[in-house]
Structure formats: structure tokens, C-alpha cells
Amino acid sequence: MSDVVWRRGMGVADRNTLQLYLNATLHWSYPAHHASHFRVHWRKLRCPEQERVVIIGRAYASLYRVVDLAVPDAVDGDPCWLEFLVQPVTKEGFAVPESEWGRLTLRYAEPILSEADKSV
């Protein structure tokens, strides 16, 4: 993972709240002659509960740019855990078993500011 950018912006469902968004580039290695493309998925692991896997895109190379992925806030010092999964699809159009997918787990937390930091 590289080029990680976090931002806050207007929420999609509720325009009165600020939503946390993740932007990042995912990289992986896989024999190019074995895959026609890759399906990129994500899910929440512990933030606050685990959710099902959701597809976010398709890549025809061994990298994918995640753009403005709405993610939950890490609150009260408790970290959140996200998982990105890369599913190779063979040239014949078959998906490989989930046990062979690429996985990346991301842990993030809200920074804890001291009183001095808050007054700046």
C-alpha cells in the first residue's frame, strides 16, 4: 500500500455529518500470464463489527487506486481494522479459491491529542 491519503468530507447519506474517506494505492504480485484481471474487494474487520466482503473495482494490472472509500471513524482510541482482498480471475474467466486471494489488513486509529495540541 502506498500514497495513502485520509480526508474528511460531506457524508453521502447524511450531508450534515463529516465522513472519513481513504485514498490509497494497492500493489501486489501475481504471474501476469495466469490472470486476465483482478477483482478488488474490501471489508471491515473490527470497526465496530465485521461485515461482508464488498467488491470495489477491477484491475488489469497488479495495482489499484482506491479513491474516496468511505470508512468508519475510529473513536475513543479504539482502532479500526479494514481488509483489502485481491481476487485473481483466470484467462478462462474462473475465479481462484478465496484461500489464494491476496490480502492486506489495515489498522488505523484517531490520533490522541494532548491538551497542548488541542489549543494550537
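All values reported here derive from a predicted model rather than from experimental measurement.

## Here's the deal with the confidence of the model for the chain
On average, residues of the chain score 87 in pLDDT, and 88% of them are at 70 or above. The least confident element of the chain, judged by mean pLDDT, is helix H1 (residues 115-118) at 53; the most confident is strand S4 (residues 54-59) at 96.

## Overview of the sheet that holds strand S2 (residues 18-27)
The three strands lie next to each other as S1-S2-S5, forming an open sheet whose pairing is antiparallel. At either margin of the open sheet sits one strand with a lone partner, and together these are strand S1 (2-10) and strand S5 (63-71). Between one strand axis and the next, the sheet turns through 15° on average, direction left out of account. Bridge analysis of S1 against S2 gives seven bridges, and the strand direction is antiparallel. Note on S2: the bridge partner recorded for tryptophan 6 is leucine 22.

## A few points about the sheet that holds strand S3 (residues 35-44)
A sheet is described by the order of its strands in space; here four strands give the open sequence S4-S3-S6-S7, paired in antiparallel fashion. Two strands bound the open sheet, and with one partner strand each, they are S4 and strand S7 (102-108). Sheet twist, expressed as the mean angle between neighbouring strand axes with direction ignored, is 20°. As judged from the seven bridges shared by strand S6 (residues 80-90) and S7, these two strands associate in the antiparallel manner. Its bridge partner being in S7, glutamate 83 is matched across the sheet by threonine 105.

## What about the pattern of salt bridges?
One pass over the structure, following the stated rule, counts seven salt bridges. The residue arginine 8 makes a salt bridge to glutamate 110 at a minimum N-O spacing of 3.3 Å. Of this pair, arginine 8 sits in strand S1 while glutamate 110 sits in the loop between S7 and H1, and the two are 102 residues apart along the sequence. Classification of arginine 8 as partly exposed rests on a relative accessible area of 38%. Residue classification places glutamate 110 among the partly exposed positions, given a relative accessible area of 37%. Through salt bridges that share partners, Arg43, Glu83, Glu98 and Arg103 make up one connected network.

Conventions we followed
- Residues numbered from 1 in each chain as written.
- Predicted model: local features only at pLDDT ≥ 70, side-chain atom pairs only at ≥ 80, totals over all residues.
- Heavy atoms only, no water.
- pLDDT = per-residue confidence, 0-100.
- Helix = DSSP H or I, 4+ residues; strand = E, 2+ residues; numbered from the N terminus.
- Pairing = 2+ DSSP bridges.
- Axes fitted to C-alpha atoms, helices over the stretch in contact; angles between N-to-C directions.
- Salt bridge = Lys/Arg side-chain N within 4 Å of Asp/Glu carboxyl O.
- Buried < 20%, exposed > 50% of the residue type's maximum accessible area, 1.4 Å probe, protein only.

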